[in-house]
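What the coordinates show
Here is how the chains run, residue by residue.
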Amino acid sequence: RQKEQTLVLQRNFKEQAPDKDWIDMIDGKVDTAAQQLLSRQIAMIPPHVPTSTYTPPGDSKKAYLRKVCDDFGESVAKSMAQGAQKLAVTRDETVDEAGHHLLFAVVRADKFCDTETTGKVVAAVQEYLSRRPDGSGQAFVVHGRSGAGKTYLMSKIMVGHIEERAGKGCVVIRFLGTSPASSAVQPLLSSLCKQLRRCYDKDEQVPSGFKELKAYFRKAVAEWPSEEQPLTLFIDSVDQLDDSNAGRRLEWLPMSGLSPHVRIVVSTLPDPANAEFQCLSQLRKGLGLADGASEGSCIVEVETISDHIRVLRHLLKLQGRTLTPEQEAAVDAAFLLRGENDDAAGTPLWLTIVAQFLALWTSYDGVKFEINPSVRGLIKDLFERLETTHGKHLVRAVLAFLTLCRRSGVSETELVHLLSLDDDVLADIYEWWVPSMRTCPPLVLTMLLAELAPYLSRRGDGSGQQLVSWYHRQFWEAAEEYLFGESGQQREGFISREERHTQLADFFAGKWAGKAKPYSAWLSERVQRPQFCPGETAGDRMVPTQPLVLEGRLTSAESERLLNTRRIQEHVDHAIRAGDKTSAVGDLCSIQYVAAKVAADDVSDLLREYSAAIERFPDQASALGEFAAFVGRNLDALRQKIPTAPFQFALQEPDTSGPYQSIKRLAERGGDPLIAIAGASGAENAARLVHWRGKPQQSDPCQLTIREHEGCVNAVAFSPCGKWVASGSDDMTIKICSAGTGEVKCTLTGHSGRVWSVAFSPDGTRVVS
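Residues numbered from 1 in each chain as written. Predicted model: local features only at pLDDT ≥ 70, side-chain atom pairs only at ≥ 80, totals over all residues. Heavy atoms only, no water.

1. Looking at empty space enclosed by the protein
Per the stated rule, a full pass over the model turns up three cavities of 30 Å³ or more. Its boundaries defined by the atoms lining it, the largest cavity holds a volume of some 50 Å³. Considering the residues around the largest cavity, the lining is formed by Phe210, Lys214, Asn245, Ala246, Glu251, Trp252 and Val744. Across the lining of the largest cavity, the residue classes tally to four nonpolar, one polar and two charged. (1 Å grid on protein atoms, 1.4 Å probe; cavity = no way out; pocket = protein on both sides within 12 Å on 5 of 7 lines; lining within 4 Å. Points joined across faces, edges and corners; volume = space filled by probe spheres on them. Nonpolar A, V, L, I, M, F, W, Y, C, P; charged D, E, K, R; others polar.)

Dropping the structure here:
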C-alpha cells in the first residue's frame, strides 16, 4: 500500500552554497537542528517507496523546476486515477432512481406534522391499503390545492407502509417531477417497468417504444403480483408530468379492474379552470365516477389546515427556534387574512415559507415586517429581500437560470460559469475589488443558494452532476411573474426571457470557451480602474468547451464513450427559445447531433425539437423537415442505439439530401476511422460504413411511422393546421397524434365497432368519426 500511495520527491542541494531560499538558516548560519530533523525524516523513507531525486543546476533553474512540477503533477494525477478506478462502481440506473425517491420520502416523512385534517386522509389511505380484496379493484386518489402538503402527507403514508410491510411484497414510489426519469411519462414508465422487472425477477426485457411500454406496464401490474408478493404503487403529483405522449391524460395508468394483490395510490391537484389536461377528472373517469358524482371510498381531499399554529411551532422546532406571543399573533393575523383567490394561502407551503424567515427573527426584534397573507406575495417579498442582501443583478440572474432550466435543473458549477459570462453580475460584484481571473467568485453564489436551500430540490442526472431546481411549482410561477412580468409584459429594468435563453444557449454551445469575451461599458469601468487593469477590454471567463462527447467518439461502444448529456439536452432547446436560428438549425441539421441524441436515448425529444424549430424558424422548414423525416422514418432502428446507425442511414440518403451532405462533410474532415468516404485521404485502410452503390436519388416519402393502434388503421385525416393526425381503427378507437413526433395527444373511445372514417372540422377544434 505504501508503494502505491506514497511518493517522495527529494531535491539535493549539497553541491550548492547555503541559501535561505532552500535551507533553514539562523543569523546567516545553517540551522543544524533543522538539518538533523530533515536527516531523520529522510532515513524514515522505506526503501520500496518510489523516490525521485533532483539536483538543481548552477545556472538556469527554469527547466529544472518545470520538470519537478510536471513529475509531481503526473504522479499525483496517476495516483488519483488509480484510486478512482478502485472505487469505481457500475451505476445502476434502476437502483439510483428508486433510491432517489425513497430518500425523498424519508426526509419529508421525518418533517411531517399530523393534524386533524391530515389524520383523516392518512386514515382513509391506510384503510384502503389494508382493505381485504373485495373485487372492486380500484386505485385510490388523494387531491388537494397547491401547497396543501400532499407530498409530505404521501411521504408519511409511504414510509409507514414500507415499515409495516417489513420487506414483504413490492412497494414502488415516485414523486413526479423530482428527477429527469419522473418528469415525462415515457421515462417514468421505463423506470417503473425496470423496477418491477427487478422486483419480480422477470426475464422479459423492457421495451423502448411508448406503446410497448404501456402494454408492458399494464401486464406487469396485472399479472406479476401475487398473495405472497403483492404490489403497492404510490405516485405523487401526476399533474407534474409534461405534455409529451399525453402523459397528463393518464391513459397509461390503470385505475380500475386491478388485481386483488395490487394497490395504487395517486395524488394530484384539483382541475384548474380551462386547462387542457385535467388530471383529477381523468382519474375520476378511470375510477368510473361520472362528473358530479360523490367521491365514495376511493377519493379523499386534503382540506384546509386545521391547526396552523401547531404546525408553525413544529416547523420552527425543527430549526431550534420559537416565537414570542407578539410574533405568533402576527402570523395568526396574516393566516386569517388569506384571500379566496389565492389557492395556496394558508397552506403548509405558506407556513413553511413563513417559518423560514421567522427563524431568523430574534425575540427582541418584535415583528420586523408585515407578513404577506398570500403565497405568491410571500415569495416575491423573499426575492426582494434577497436582492437587498446579495445584489439585484446576481439574484435576478440566478432566479432566471433556475426558472428557465425547468426541464432538468442546473448545476452549481454551471451557475458559476453562467454568472461569469454576465457582465452586469461581474460589474456589481467587482465594485470594491477585481480578482485576477474574470470569473464570479463561487462564494457569492454559495451564500445565495444557502438562503434558497429550503425551496430547492437537488437531484442527480446520471452523469455525476447534481442539478438544482425549484421544489414547488409556486416558486416557478412566482419567479416567472417576478422576472418576466405577467401576461407577457416585460418588467422594466429586468432582462428579457429571450436574452436569458441566449445566455444559456451560448454557454451550452461553448461559445466563449477558451476566448476573451469583450466587456460591457460598466464592467470595463470596474476593471480598468488604475489600481486594477487599466486598458483591459476583454477577459477569458474560464468557461468549459462543450463537445457532444467528452471521452471517446460517437461511433464508440456505449462503455467506451462519455456523452456530454447537459449540452445534448439543453443547448438546442434554449437556442430555439432565444430565437438563435444559426445555432439551433446548425445542430439540428448535423448528423453528429442526431447521433448524439440517439446515443443519449433522446430521439423523441429530438423530434419535438424539430417541431419547435420549424414553428419558430419557418424559413428553415425545408432543411429542418428533411432531417426530421430522416429521423422519423428510421425511428425504430435508431432506438436500438447502435452507435454507427445514424451515420449509416445518412449515407443511404440521396446525395443531394441534408443528412448525406452532413455525413460527407464529417468524413472529409476526418478524425474518426469508422466514418470514411471511399477515395478520401486516409480512407483506403480504414474501417468504414457500407456504401450503397446505385442507391435511389429520391428521398423516401415516409416522414414518420406511428404504431399506436391495436388493429388495422382504416382512416386518417390531417388537421387544418397540419400539426395533428386523427386515425380510426378496427380497435374501435380514434387516436389524435402529433404529426411531428407521433406522440398520442389523446385516445377517443365510444365506438362499438370498427372506425371507418374520420374528419376534422374546418376550424380544427372537432373530430367527427
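2. A short note on the pattern of salt bridges
Counted according to the given criterion, the structure contains 36 salt bridges. Arg407 is paired through a salt bridge with Asp573; the nearest N and O atoms lie 4.0 Å apart. Residue Arg407 is found in the loop between α14 (392–404) and β10 (410–411), and its partner Asp573 is found in helix α21 (residues 565–578); the two are separated by 166 residues along the sequence. Salt-bridge contacts for Arg608 lead to Asp605; the nearest nitrogen and oxygen are separated by 3.9 Å. In this pair, Arg608 and Asp605 are both assigned in helix α24 (residues 603–616), three residues apart and thus about one turn of the helix distant. Overall, the relative accessible area of 26% leaves Arg608 in the partly exposed class. Linked by salt bridges that have partners in common, Arg407, Asp573, Arg577, Lys597, Asp605, Arg608, Glu609 and Glu743 make up one network. (Salt bridge = Lys/Arg side-chain N within 4 Å of Asp/Glu carboxyl O. Helix = DSSP H or I, 4+ residues; strand = E, 2+ residues; numbered from the N terminus. Buried < 20%, exposed > 50% of the residue type's maximum accessible area, 1.4 Å probe, protein only.)

3. Here we look at the side chain of Ser761
With respect to the element layout, Ser761 can be found in the loop between β21 (759–760) and β22 (767–768). Here Thr765 takes part through its backbone nitrogen, which lies 3.4 Å from a polar atom of the side chain of Ser761. Aside from chain neighbours lying at most four places away, what touches Ser761 is Pro720 and Arg766. (Polar contact = N/O pair within 3.5 Å; in protein donor to acceptor, adjacent residues only side chain to side chain. Contact = heavy atoms within 4.5 Å.)

4. Re the sheet that holds strand β6 (residues 170–175)
Across the sheet, five strands lie side by side as β6-β7-β8-β5-β9; this open sheet has parallel pairing. Two strands bound the open sheet, and with one partner strand each, they are β6 and β9 (299–301). Going from strand to strand, the sheet's axes swing by 10 degrees on average, the running direction of each strand aside. With six bridges connecting them, β6 and strand β7 (residues 231–236) associate as parallel partners. Paired with Ile173 across the strands is Phe234, a residue of β7. (Pairing = 2+ DSSP bridges. Axes fitted to C-alpha atoms, helices over the stretch in contact; angles between N-to-C directions.)

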